[in-house]
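# Understanding the architecture of this molecule
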Amino acid sequence: MAAKRFKRGNHVSWNSEAGRVRGRITRVVTSPTKFKSYTVHAGRDEPQYEIKSDTTDHIAMHRGSALTKLRK
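The text that follows walks through the structure, step by step, so that each part is easy to find. Remember, predicted model here, so these are calculated numbers, not experimental data.

Parameters and conventions
Residues numbered from 1 in each chain as written. Predicted model: local features only at pLDDT ≥ 70, side-chain atom pairs only at ≥ 80, totals over all residues. Heavy atoms only, no water. Helix = DSSP H or I, 4+ residues; strand = E, 2+ residues; numbered from the N terminus. Rg over C-alpha atoms; globule rule 2.2 N^0.38 Å. Buried < 20%, exposed > 50% of the residue type's maximum accessible area, 1.4 Å probe, protein only. Contact = heavy atoms within 4.5 Å. Areas by Shrake-Rupley, 256 points an atom, 1.4 Å probe, with all protein chains shown as cover. Pairing = 2+ DSSP bridges. Patch = residues over 30% accessible without salt bridge, like charges linked within 9 Å, V, L, I, M, F, W, Y side chains within 5 Å. Salt bridge = Lys/Arg side-chain N within 4 Å of Asp/Glu carboxyl O. Lys, Arg positive; Asp, Glu negative; His and termini not counted. Charge placed at Lys NZ, Arg CZ, Asp CG, Glu CD. Polar contact = N/O pair within 3.5 Å; in protein donor to acceptor, adjacent residues only side chain to side chain.

### Some remarks on the overall build of the protein
Each helix and strand counted, the protein has zero helices and seven strands in total. When the helices and strands of the protein are read in sequence order from the N terminus, they spell out β-β-β-β-β-β-β. Here the protein has a C-alpha radius of gyration of 12 Å; the compact-globule value for 72 residues is 11 Å, and the two agree. On the principal axes, the C-alpha backbone points of the protein span a range of 30 × 30 × 20 Å. Looking at the protein residue by residue over its 72 residues, the buried ones come to 35%. Of all intrachain contacts in the protein linking residues separated by at least 6 positions in sequence, the fraction that spans at least 24 positions is 43%. Approximately 5300 Å² of the protein is accessible, and the part contributed by carbon and sulfur atoms is 49%.

### What about the environment of Pro 32?
Here Pro 32 shows up in the loop between strand E2 (19–29) and strand E3 (33–35). Setting aside residues up to four positions removed in sequence, Pro 32 forms contacts with Val 40 and Ala 42.

### With respect to the sheet that holds E2
Pairing between sheet strands relies on hydrogen bonds along the backbone, with the strands arranged either parallel or antiparallel. Spatial strand order, E6-E5-E2-E1-E7: five strands in an open sheet with antiparallel pairing. Because the sheet does not close on itself, it has two edges, and the strands there are strand E6 (59–63) and strand E7 (68–69).

### Re a positive patch on the surface
Residues Lys 7, Arg 24, Lys 69 and Lys 72 make up a contiguous surface patch of positive charge. Structurally, Arg 24 can be placed in strand E2. Among the residues examined, Arg 24 registers a relative accessible area of 42% and is labelled partly exposed.

### Digging into the pairing of strand E1 (residues 11–16)
Pairing geometry for E1 and E2, over six bridges, is antiparallel. If you follow His 11 over to E2, its bridge partner there is Arg 24. Turn length for the E1-E2 hairpin, with the two strands adjacent in sequence and antiparallel, is two residues. Looking at chain direction, E1 and E7 are connected through two bridges and run antiparallel. Its bridge partner being in E7, Ser 13 is matched across the sheet by Thr 68.

### Points about the side chain of His 11
Relative to the helices and strands, His 11 resides in strand E1. His 11 sits in the buried class, given a relative accessible area of 15%. A distance of 2.5 Å separates a polar atom in the side chain of His 11 from a polar atom in the side chain of Asp 54. Excluding residues within four positions of it along the chain, His 11 makes contact with Arg 22, Gly 23, Arg 24, Asp 54, Thr 68, Lys 69 and Leu 70.

It is worth stressing that arrangement in space is one thing and function is another; only the former is reported here.
What follows is the structure, given as structure tokens:
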């Protein structure tokens, strides 16, 4: 199955411990990088996405498989 692909600026949602969260993608990560004291194992074939929550200043990092694109 092909990985879901998103672009910077896409509006997405994902599940968190607090329930469903919505936000905008601020960065597409395509190589291993540090994020909040852990290493994100991203690559060109499986990028990860930095997302800023719509309702808080929280920044999250997720794989495309965890995200759902929202309509405009």
